[in-house]
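A look at the structure
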Amino acid sequence: MKDKGRIIFHVDMDAFFASVEQRRNPRLRGKPVVVCGTPPRTVVASASYEARAFGVQADMPLFEAMRRCPGLRYVEGDLHRYTVAFLRIVGILREYSPHIEVASIDEAFLDMTHCRLFFPSPIRAAEDLKRRIFDELGLTCSVGVGPNKLIAKLASSRGKPDGLVVIEAAEVPHFLDNLPVGQMWGIGPKREAALRSLGIRSCGDLGRFPANLLKKRIGVWGERLHRMGLGIDESPVVPLGKEPHPKSFGHYVTFPQDSTDSRVISGFLLRLSEQVGRRLRRNYLQGKRVTLTVRFSDFSGLTRQHTSQDPLKNGKEIYRLAVKMWDSLGDKRPVRLLGLAVSNLGRPSNQFPLFSWQSQLGPLWEAMERVNDKYGEFTLTWGSLHQSPK
Ligand code: TTP
Ligand code: MG
């Protein structure tokens, strides 16, 4: 394969949450099953392929899924269970390449370029890896093999479920020509419609469309999309343990209505502090500098920074400082937006994660956080990882 001879695998578990539940409960196997939050007012997180045959899909309200598929079984999700299962999968993947990037709660990239000595045939290695995961966890996955992460990911979704799709560098143009543009990363229904109006239907069309024109029509993303349409992606597989830690964590909130009420303002400051604090904790970091951003109803704004002598470790500490910073502003204009960021980050010397790689699971955390935000009832701490899977 060209692309500087890289060989990249993308491994994505099939109907992950639902499959874990089917594995756990044999009565669910071969049946339409969804994993969701607490019924009845919840949405589908994962649908088994049996359920998908009835048009059930992720993000669909549960009642709609039940309407489409009478006899559908649902299981309230347990994020702890899925995380434990995926960490076992990561353990297997690590035996194939030390260069693994955990991309979300059920997918990972492997750079197999330098593993040729051990695995002369990438296809054999991919087959073997699939078999290992199935034998040890009873779960199927889809593997895409390509000259870069973009092509590998597109290939794995092409093969779903239980697929193995290999795209050599020379086959990339043909592969992209046959791929609807909506399947490209970052192209949702709205953007797809905008591209269609320009006559762009396949990913190949995207690559052929002049970059400058695309940029004019759809903005800064245009250039990036053009390169993606050509199948170009030079981004490296960033292995576990090698990610640089972020420089800052920040959150913003736009008020539902402008306010001068100090209780409303401190309420939002508390929420922002907790959000930032949670990200610090889950990355095993602490920070010293707090940046407060305020926008007023007249759209003017200001930013204040304060560096604390002692590192800030949690939401409470951040909140205390943020309130002081707000009070010292003494500005009485109605506020429309608040932002809070913590920078000058470092790792506390006395609080290392149990295993070094645990501190590097940022994308996994991000994915779990997204699910947690969506289904508040799922809660997870690293401590719980030390229980065996149920
Ligand atoms: P996906 O890999 O997107 O979906 P999947 O594994 O269920 O199915 P596929 O075979 O198409 O890969 O997401 C992985 C898990 O993330 C999924 O099992 C549940 C969770 N998830 C949500 O909680 N909400 C969502 O909207 C999506 C898409 C996924
Ligand atoms: Mg998946």
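Residues numbered from 1 in each chain as written. Chains lettered and ligands numbered in written order. Predicted model: local features only at pLDDT ≥ 70, side-chain atom pairs only at ≥ 80, totals over all residues. Heavy atoms only, no water.

**Let's talk about the coordination of the magnesium ion (ligand 2)**
Coordination of the magnesium ion (ligand 2) by the protein is provided by Asp12 (OD), Met13 (O) and Asp106 (OD), with metal-donor distances spanning 2.1 to 2.3 Å. Each of the six donor atoms bound to the magnesium ion (ligand 2) contributes to angles spanning 77 to 178°, and the resulting shape is octahedral. Positions of the donor residues of the magnesium ion (ligand 2), expressed as sequence spacing, correspond to D-M-x92-D. Taken together, the positions of Met13 in strand β1 (residues 8-13) and Asp106 in the loop between β5 (100-104) and β6 (107-111) put the pair 93 residues apart, joining distant regions of the chain. For the residue pair Met13 and Asp106, the accessibility class agrees, reading buried in each case. (Donors = N, O, S within 2.8 Å, 3.2 Å for Na, K, Ca; no water. Tetrahedral: all angles 85-135°; square planar, octahedral: opposite > 155°, others 65-115°. Helix = DSSP H or I, 4+ residues; strand = E, 2+ residues; numbered from the N terminus. Buried < 20%, exposed > 50% of the residue type's maximum accessible area, 1.4 Å probe, protein only.)

**A word on unusual backbone geometry**
With glycine set apart, most residues show a phi of negative sign, and most peptide bonds adopt trans. Pro40 follows Pro39 through a cis peptide bond whose omega is 5°. Within the secondary structure, Pro40 sits in the loop between β2 (33-36) and β3 (44-47). Between Lys160 and the following residue, Pro161, the backbone shows a cis peptide bond with an omega angle of -10°. Here Pro161 is to be found in the loop between α6 (149-158) and β8 (164-166). Positioned with a positive phi, Asp59 is a non-glycine residue whose angle comes to about 80°. Secondary-structure assignment places Asp59 in the loop between α2 (49-52) and α3 (62-68). If you check the backbone angles, Asp162 has positive phi at about 55° while not being a glycine. With respect to the helices, strands and loops of the structure, Asp162 is situated in the loop between α6 and β8. The class of Asp162 is partly exposed, set by a relative accessible area of 46%.

**Some words on the site of ligand 1**
The local shell around ligand 1 holds 17 residues, among which Ala15, Phe16, Tyr49, Arg52 and Asp106 are the closest. At a separation of 2.8 Å, an oxygen atom of ligand 1 approaches a polar backbone atom of Ala15. About the coverage of ligand 1: the protein hides 75% of its 550 Å² of free accessible area. Looking at the shell around ligand 1, the elements with two or more residues in it are β1, α1 (16-24), β3, α2 and α14 (362-374). (Near = heavy atom within 4 Å. Polar contact = N/O pair within 3.5 Å; in protein donor to acceptor, adjacent residues only side chain to side chain. Areas by Shrake-Rupley, 256 points an atom, 1.4 Å probe, with all protein chains shown as cover.)

**Examining the sheet that holds β1**
Ordered in space as β5-β6-β1-β7-β8, the five strands form an open sheet in which the pairing is mixed. Of all strands in the sheet, those with a lone pairing partner are β5 and β8, marking the two edges. In this sheet, neighbouring strand axes are inclined to one another by 15° on average, regardless of whether the strands run parallel or antiparallel. Summarising the sheet, strand β7 (residues 141-146) and β8 pair through three bridges and their orientation is parallel. Bridge pairing in β8 places Val143 opposite Leu164. (Pairing = 2+ DSSP bridges. Axes fitted to C-alpha atoms, helices over the stretch in contact; angles between N-to-C directions.)

**Looking at the confidence of the model for the protein**
The predicted model of the protein has a mean per-residue pLDDT of 87, with 87% of residues at 70 or higher. Under a pLDDT of 50 for its full length, residues 351-359 has, in the predicted model, 16 contacts with residues more than four places off or in other chains. Note on residues 375-390: pLDDT under 50 across the span, and 38 contacts to partners over four residues away in sequence or across chains. (pLDDT = per-residue confidence, 0-100. Contact = heavy atoms within 4.5 Å.)

**Section: the packing of aromatic side chains**
Applying the stated rule across the entire model yields six aromatic pairs. With centroids separated by 6.0 Å and ring planes inclined at 55°, the aromatic side chains of Phe16 and Phe17 adopt a geometry described as tilted. Take Phe16: its relative accessible area is 4%, and that puts it in the buried class. Their ring planes at 20° and their centres at 4.4 Å tell us that Phe255 and Phe268 sit as a pair that is stacked. Taken as a pair, Phe255 in strand β9 (residues 248-259) and Phe268 in helix α12 (residues 262-282) lie far apart in primary sequence, 13 residues in all. Judged by relative accessible area, Phe255 falls into the buried class, the value being 5%. For Phe268, a relative accessible area of 14% translates into the label buried. Against the face of Tyr49 rests Arg52, its NZ or CZ located 4.0 Å from the ring centre. Geometry around Trp221 places Arg191 over its ring, the cationic atom sitting 4.6 Å from the centre. (Phe/Tyr/Trp six-rings, centres within 6.5 Å; stacked < 30°, edge-to-face > 60°. Lys NZ or Arg CZ within 6 Å of the ring centre and 35° of its normal.)

**A few points about the packing of helix α4 (residues 79-93) against helix α5 (residues 122-137)**
One way to put it is that α4 packs onto α5 with a least axis distance of 10 Å and a crossing angle of 140°. For the element pair α4 / α5, the angle class is oblique. For the pair α4 and α5, the sense of crossing is right-handed. Between α4 and α5, the contacting residues are Ala85, Arg88, Ile89, Ile92 and Leu93 on the first element and Leu129, Arg132, Ile133, Glu136 and Leu137 on the second. In terms of residue class, the contact of α4 with α5 is made up of seven nonpolar, no polar and three charged. (Parallel < 35°, antiparallel > 145°, perpendicular 65-115°, else oblique. Left-handed = near helix turned anticlockwise from the far one by under 90°. Nonpolar A, V, L, I, M, F, W, Y, C, P; charged D, E, K, R; others polar.)

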